[in-house]
Amino acid sequence: MVDAGPLYAYVDVDDRHHDECLRLLETHPGPLVVPLLVVTEVVHLLESRLGADAEIRFLGDLAAGNLLVEPVAPADWIRIAELVSVYQDLPLGTVDASVAAAAERRKITAVATLDRRHFSVVRPSHALAFEIVP
């Protein structure tokens, strides 16, 4: 499961996490599952910080099938709300909660994220903790 941080960082060559995120995304055996709400966050960040060319590059990677976009399942909305409520003091937020909900539904324990603060605290329903990479 891939969060927004690594996706932004692999596109932004000036990001301090660029090399490690690019390496992770290029070498991970896959599939690299990206929740739809994460895609929305990434394209917003790319366009607002780096411009349309960076956004277009990322969209091209999605079109090429390098990333598997995971829609929000109807039952995920309730779980997202529960997670936002339980972890409101972080605050977790809807996008990060959608990562956790999709990971739970798909029984994925590894999360590619730069947001260790949130994902090291969240306790998924299907495991003791998420394995955070890179």
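We now turn to the structure provided with this report. What you are looking at is a predicted structure, and each value in this text was computed from that prediction instead of being measured.

1. Digging into the packing of helix H1 (residues 4-11) against helix H4 (residues 52-63)
Here H1 crosses H4 at 115 degrees, and the two axes come no closer than 10 Å. The crossing of H1 and H4 is right-handed. Residue-level contacts link Leu7, Tyr10 and Val11 of H1 to Ala54, Arg57, Phe58 and Asp61 of H4. The class makeup of the residues in the contact of H1 with H4 is 5 nonpolar, no polar and 2 charged.

2. A few points about the layout of surface pockets
Of the volumes computed, that of the largest pocket is approximately 280 Å³. In terms of lining residues, the largest pocket is bounded by 14 residues, among which Ala4, Gly5, Tyr8, Leu45 and Arg49 are the most central. When its residues are assigned to classes, the lining of the largest pocket shows 4 nonpolar, 3 polar and 7 charged.

3. Quick word on the pattern of salt bridges
Counted under the stated rule, the structure contains 5 salt bridges. Glu104 is the partner of Arg79 in a salt bridge, and the nearest nitrogen-oxygen pair spans 2.7 Å. Note that Arg79 is positioned in helix H5 (residues 74-86) and Glu104 in helix H6 (residues 94-106), a separation of 25 residues in sequence. For Arg79, a relative accessible area of 22% translates into the label partly exposed.

4. Structural notes on the packing of aromatic side chains
Under the defined criterion, the tally for this structure stands at 1 aromatic pair. On the basis of an interplanar angle of 70 degrees and a centroid distance of 6.1 Å, the ring pair of Phe119 and Phe130 is categorised as edge-to-face. Residue Phe119 is found in helix H7 (residues 116-119), and its partner Phe130 is found in the loop between H7 and strand E4 (131-133); the two are separated by 11 residues along the sequence. Across the pair, Phe130 and Phe119 agree in class, each one buried.

5. Considering H5
Side chains three or four residues apart in an α-helix point the same way, a direct result of the helix having 3.6 residues per turn. By the burial criterion, the buried members of H5 are Asp76, Ile80 and Leu83. All buried residues of H5 fall inside an arc of 65 degrees around its axis, so they share one side. Along H5, the residues that are exposed and aim more than 90 degrees away from the buried face are Pro74, Ala75, Ile78 and Val86. Close packing links the buried residues of H5 with H6.

Rules of the game
- Residues numbered from 1 in each chain as written.
- Predicted model: local features only at pLDDT ≥ 70, side-chain atom pairs only at ≥ 80, totals over all residues.
- Heavy atoms only, no water.
- Axes fitted to C-alpha atoms, helices over the stretch in contact; angles between N-to-C directions.
- Helix = DSSP H or I, 4+ residues; strand = E, 2+ residues; numbered from the N terminus.
- Left-handed = near helix turned anticlockwise from the far one by under 90°.
- Contact = heavy atoms within 4.5 Å.
- Nonpolar A, V, L, I, M, F, W, Y, C, P; charged D, E, K, R; others polar.
- 1 Å grid on protein atoms, 1.4 Å probe; cavity = no way out; pocket = protein on both sides within 12 Å on 5 of 7 lines; lining within 4 Å.
- Points joined across faces, edges and corners; volume = space filled by probe spheres on them.
- Salt bridge = Lys/Arg side-chain N within 4 Å of Asp/Glu carboxyl O.
- Buried < 20%, exposed > 50% of the residue type's maximum accessible area, 1.4 Å probe, protein only.
- Phe/Tyr/Trp six-rings, centres within 6.5 Å; stacked < 30°, edge-to-face > 60°.
- Arc of directions from axis to C-beta.

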